[in-house]
Amino acid sequence: MRKPGKETIVPDKRPFDIDQAIFRIREAVRPFPKAALFELAEEGFRSPFEQLIACIISVRTLDEVTLPTARRLFALACTPFEVSRLTVAEIDECIRACTFHEAKARQIHEIARRIVKEHGGVLPCEPAILLSFHGVGPKCANLVLGIACDQPSIAVDIHVHRVTNRWGYVHTPTPEKTAAVLAEILPRPYWIEINRLLVPFGKHICTGRLPRCSTCPVLDMCRQVGVSTHR
Ligand code: SF4
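Numbering of residues starts from 1 in each chain and follows the order in which that chain's sequence is written. Selection of residues for local features in this predicted model requires a pLDDT of at least 70, selection of side-chain atom pairs for listing and counting requires 80 or more, and totals for whole chains, interfaces and linings are taken over all residues. Derived side-chain values reflect all non-hydrogen atoms in the structure, with water molecules and hydrogen atoms excluded from consideration.

**Student:** Residues and numbers for unusual backbone geometry, please.
**Tutor:** One non-glycine residue, Asp150, lies in the positive phi region at around 55°. Strands are runs of DSSP state E lasting at least two residues, helices are runs of H or I lasting at least four, and both sets are numbered from the N terminus onward. Within the element layout of this structure, Asp150 appears in the loop between helix H9 (138–148) and helix H10 (158–167). Positive phi is not limited to glycine here, since Leu210 has a value of about 45°. Relative to the elements of secondary structure, Leu210 occurs in the segment after helix H12 (193–204).

Here is the structure:
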């Protein structure tokens, strides 16, 4: 097995430089919409509870749907106490544009109820507590810890996983393994930012099908692993 971060020399490619890649990608994604949770945080919805609920809404749901759906729910109720006072049917009605809205309405209500009962109405910034809620996986837990709690954490979704593998920066079969390897090799100042940058980068430049390699800002150092055709 290759050591994480160790790269093969490829003719015509310079060694992969993460500082340069981050620097260039910051510029490249500037024109694109921000990833939903970062956008909501900028709008002021940045408490751990709001970020957690927005992340649940975002699961298997486009950002274009997540954003208005989260705003709609938060206009009605945005604290654990307020959400716990709603019925599951009221939450469902409010979030029905998102995927799996019935199950998510039950999860959101239960999370709010437990936070009120077990944590005095304030969601603690603790990974074990976040992961104890039904419907909350490592990606959402790490986004909450990073964005709302300002704790260095790496949220790996499908974009972060795909792009870092194509770079040749990691060589991992699953997002979970990518998160583990990135925790070893990615400089800590980029832990929160990597998700904020690679979500729009993966949506608009290093796309799942036909990535835009010919105009990509990191083409000179990207190993283009697994890319057979591109734009
Ligand atoms: S060169 Fe192609 S594969 Fe590499 S990051 Fe850019 S778009 Fe993705």
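There is more to say, and it comes next.
**Student:** How would you summarise the packing of aromatic side chains if you had to cite specific residues and measurements?
**Tutor:** Geometry of aromatic contacts follows a simple scheme: Phe, Tyr and Trp rings, the Trp one being its six-membered ring, pair when their centres are within 6.5 Å, and the pair is stacked under 30 degrees between planes, edge-to-face over 60, tilted otherwise. Overall, the coordinates contain four aromatic pairs when judged by the stated rule. When the centroid spacing of 4.8 Å and the interplanar angle of 35° are considered together, the rings of Phe16 and Trp167 count as tilted. Here Phe16 is found in the segment before helix H1 (18–28), whereas its partner Trp167 is found in helix H10, with 151 residues between them in sequence. Overall, Phe16 belongs to the buried group, its relative accessible area being 12%. A ring pair is formed by Trp167 and Tyr169, whose centres lie 6.3 Å apart and whose planes are at 70°; its orientation type is edge-to-face. Think of it in three bands: residues with accessible area under 20% of the maximum for their type are buried, residues over 50% are exposed, and the middle band is partly exposed, with areas taken using a 1.4 Å probe on protein chains only. Since its relative accessible area comes to 10%, Tyr169 is described here as buried. Each member of the aromatic cluster is reached from another via a ring pair, and the members are Phe16, Trp167 and Tyr169. By definition, being over a ring means that NZ of Lys or CZ of Arg is both within 6 Å of the ring centre and within 35 degrees of the ring normal. Across from the ring centre of Trp191, 4.4 Å away, lies the NZ or CZ of Arg188, which sits over that ring.

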